[in-house]
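Analysis of the macromolecular model
Here's the letter readout for the chains.
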Amino acid sequence: MKERQSKKLIIIIIVLLICLLGSISYIIYDKVFIKEQIETKEKPKEKKKNQSVENKVHALTETEQQQILSQIKDYTPSLASYFPIDETHPLSNQAVLNFALVKIGTLRDNIMESDIEKILQTYFGKKHPYQHEDINCFAGDGVLYKYNSAKREYIFQNTHGHGGQGSYAAEIFYIDGTADQNKYTVNVHIVYGDYCGGVCGPTLSYYKTREDSMNSQNPILGPYEEPHTITNEEYDTIKENLPITTFIFEKDEDNNYGLKAVKN
């Protein structure tokens with residue numbers, strides 16, 4: 001009788017051990033193997049997510065490149081004297097208003113506020129922080145355009161008996177550029193031509209800095225006997241000696257590439 005009870009007890013213990021081992025095996029399978037399988041399946045999703053972020057950074061398209069280079073060619077003649085431009089300390093209000101005057105190109109005519117605003121939005125972005133105000137003459141002899149807020153118009157002040165503002169002739173050569181969401185970074189070489197001090201002559205020499213252009217010293221190409229445009233072959237001979245100038249833009253919802261900084 002006792003032997004039978006002992007056998008039954010042993011059998012019960014064995015069954016319990018088998019059940020316990022089964023439970024442990026299930027727990028290990030559920031917590032370890034299933035978790036590893038889930039993590040393995042999730043990894044490709046993480047990779048896709050990272051790839052999606054990386055794909056937001058891209059080289060400039062041909063259209064982006066052409067638009068931004070066109071703007072750089074417009075900034076440089078009248079704003080080169082302000083380079084470099086710090087993003088935290090943007091151009092003065094007077095500097096951008098005078099830039100707008102140059103772009104409009106109708107000096108001595110009255111100008112509508114909306115015409116100034118279109119230039120500012122195109123070149124400095126829709127959210128530019130600049131204000132409409134009187135535009136002072138570059139020569140420091142008073143107001144050149146009086147701002148009439150009631151008429152929203154700039155009125156030319158015909159009291160200035162001198163020539164126009166000086167500018168830098170320049171040729172721009174694209175190096176590379178990237179776009180990171182709405183931020184655009186573009187590297188170029190700027191080769192400065194002879195400085196135009198109001199009355200402009202032909203470009204006979206080229207310089208690697210605006211200071212050399214201003215002082216007509218240390219030409220990197222020229223002087224030539226006739227007006228000359230830099231050829232690609234000539235550029236290839238000097239590009240290693242040229243400083244790189246970096247332009248930083250922010251693209252707004254209206255597809256304006258607003259200038260934020262210039263580094264050289």
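Position numbers for residues count from 1 along each chain, tracking the sequence in the order it is written. Per-residue local features are limited, in this predicted model, to residues with pLDDT of at least 70; the limit for side-chain atom pairs, both in listing and counting, is 80 or more; totals at the level of whole chains, interfaces and linings are taken over all residues. The side-chain quantities take in all heavy atoms of the structure and omit both hydrogens and water.

In this section: the overall build of the chain. Strands are runs of DSSP state E lasting at least two residues, helices are runs of H or I lasting at least four, and both sets are numbered from the N terminus onward. When its secondary structure is counted, the chain shows six helices and ten strands. Put simply, the chain has 264 residues, and 32% of those count as buried. At a minimum sequence separation of 6, the contacts of the chain that also span at least 24 residues come to 54%. To measure how exposed things are, a 1.4 Å probe is used in the Shrake-Rupley method; for residues, cover is taken only from the protein chains shown. Total accessible area computed for the chain in this model is approximately 16,800 Å², and 52% of it derives from carbon and sulfur atoms. With a 1.4 Å probe rolled over the protein chains alone, any residue whose accessible area is under 20% of its type maximum counts as buried; one over 50% counts as exposed, and the rest are partly exposed. By the convention used here, residues are in contact when the closest approach between their heavy atoms is within 4.5 Å.

Assignment of secondary structure puts Val-188 in strand β7 (residues 183–196). With relative accessibility at 0%, the residue Val-188 sits in the buried group. Each C-alpha atom, one on Val-188 and one on Pro-243, is 8.8 Å from the other, the two residues being 55 residues apart in sequence. Filtering out sequence-adjacent residues up to four positions away, Val-188 remains in contact with Leu-69, Ile-72, Ile-172, Phe-173, Tyr-174, Ile-175, Pro-243, Ile-244, Thr-245 and Phe-247.

Next up on the list: the side chain of Gln-65. With respect to the secondary-structure elements, Gln-65 resides in helix α2 (residues 62–79). A residue is classified by how much of its surface remains accessible, and Gln-65, at 19% relative accessible area, is buried. If sequence neighbours within four positions are ignored, Gln-65 has contacts with Leu-60 and Tyr-174.

One way to put it is that helix α3 (residues 93–104) packs onto helix α4 (residues 113–124) with a least axis distance of 9 Å and a crossing angle of 105°. Taken together, α3 and α4 sit at an angle that is classed as roughly perpendicular. On α4, the residues that touch Val-96, Leu-97, Phe-99, Ala-100, Leu-101, Lys-103 and Ile-104 of α3 are Asp-115, Ile-116, Ile-119, Leu-120, Tyr-123 and Phe-124. Residue type decides the class: Asp, Glu, Lys and Arg count as charged, Ala, Val, Leu, Ile, Met, Phe, Trp, Tyr, Cys and Pro as nonpolar, and the leftover types, Gly among them, as polar. Looking at the contact of α3 with α4 residue by residue, the class counts come to eleven nonpolar, no polar and two charged. Lines fitted to the C-alpha atoms define the axes, with helices restricted to the stretch that makes contact. Angles between their N-to-C directions range from 0 to 180 degrees. Note on angle classes: values under 35 degrees are labelled roughly parallel, values over 145 roughly antiparallel, values of 65 to 115 roughly perpendicular, and the remainder oblique.

Aromatic contacts are taken between Phe, Tyr and Trp rings whose centres are within 6.5 Å, Trp giving its six-membered ring; a plane angle under 30 degrees counts as stacked, one over 60 as edge-to-face, and the others as tilted. As enumerated under the stated definition, the model contains 15 aromatic pairs in all. Aromatic side chains Phe-124 and Tyr-130 sit 5.9 Å apart centroid to centroid with 75° between the ring planes, which places their arrangement in the edge-to-face category. Grouping residues by exposure puts Phe-124 and Tyr-130 together as buried.

So, about the confidence of the model for the chain. Of the residues in the chain, 76% reach a pLDDT of 70 or more, and the chain-wide mean stands at 84. Here residues 49–54 is modelled with pLDDT under 50, and outside its nearest four sequence neighbours on either side it reaches zero contacts, counting other chains as well. The quantity known as pLDDT measures the predictor's confidence residue by residue, on a range of 0 to 100.

Across the 14 residues of β7, ten count as buried, placing the element largely inside the fold. Pairing between strands requires that DSSP locate at least two bridges from one strand to the other. Pairing geometry for strand β6 (residues 167–180) and β7, over twelve bridges, is antiparallel. Opposite Ala-179, over in β7, you have Tyr-184 as the bridge partner. If you look at the hairpin formed by β6 and β7, you'll find two residues sitting between the two strands, and Gln-181 has a positive phi there, around 55°. By the bridge criterion, seven bridges tie β7 to strand β9 (residues 244–251) in an arrangement that is antiparallel. For Tyr-184, the partnering residue across the bridge sits in β9 and is Phe-249. In this sheet, strand β8 (residues 206–207) lies alongside β7 in antiparallel orientation, the contact comprising two bridges. If you follow Tyr-192 over to β8, its bridge partner there is Tyr-207.

What follows is about the environment of Pro-219. Residue position: Pro-219 is located in the loop between α5 (210–215) and α6 (232–238). Pro-219 sits 13 residues away from Tyr-206 along the chain, and the two C-alpha atoms are 5.4 Å apart. When near neighbours in sequence (up to four residues on either side) are disregarded, Pro-219 contacts Ser-205, Tyr-206 and Tyr-207.

In this section: the nonpolar core. The criterion is simple. A nonpolar core is a set of buried Ala, Val, Leu, Ile, Met, Phe, Trp, Tyr and Cys residues joined through side-chain atoms within 4.5 Å. Counting residues in hydrophobic clusters, the biggest one holds 43 residues, and the most contacted among them are Phe-83, Phe-124, Phe-247 and Phe-249. Ranked by residue count, the leading element in this core is α3, at six residues. In contact with Phe-249, not counting residues within four places along its chain, are Ile-68, Gln-71, Ile-72, Tyr-75, Asn-182, Lys-183, Tyr-184, Tyr-257, Gly-258, Leu-259 and Lys-260. Phe-173, Val-191, Tyr-206 and Leu-242 belong to the second-largest nonpolar core, a separate cluster that totals eight residues.

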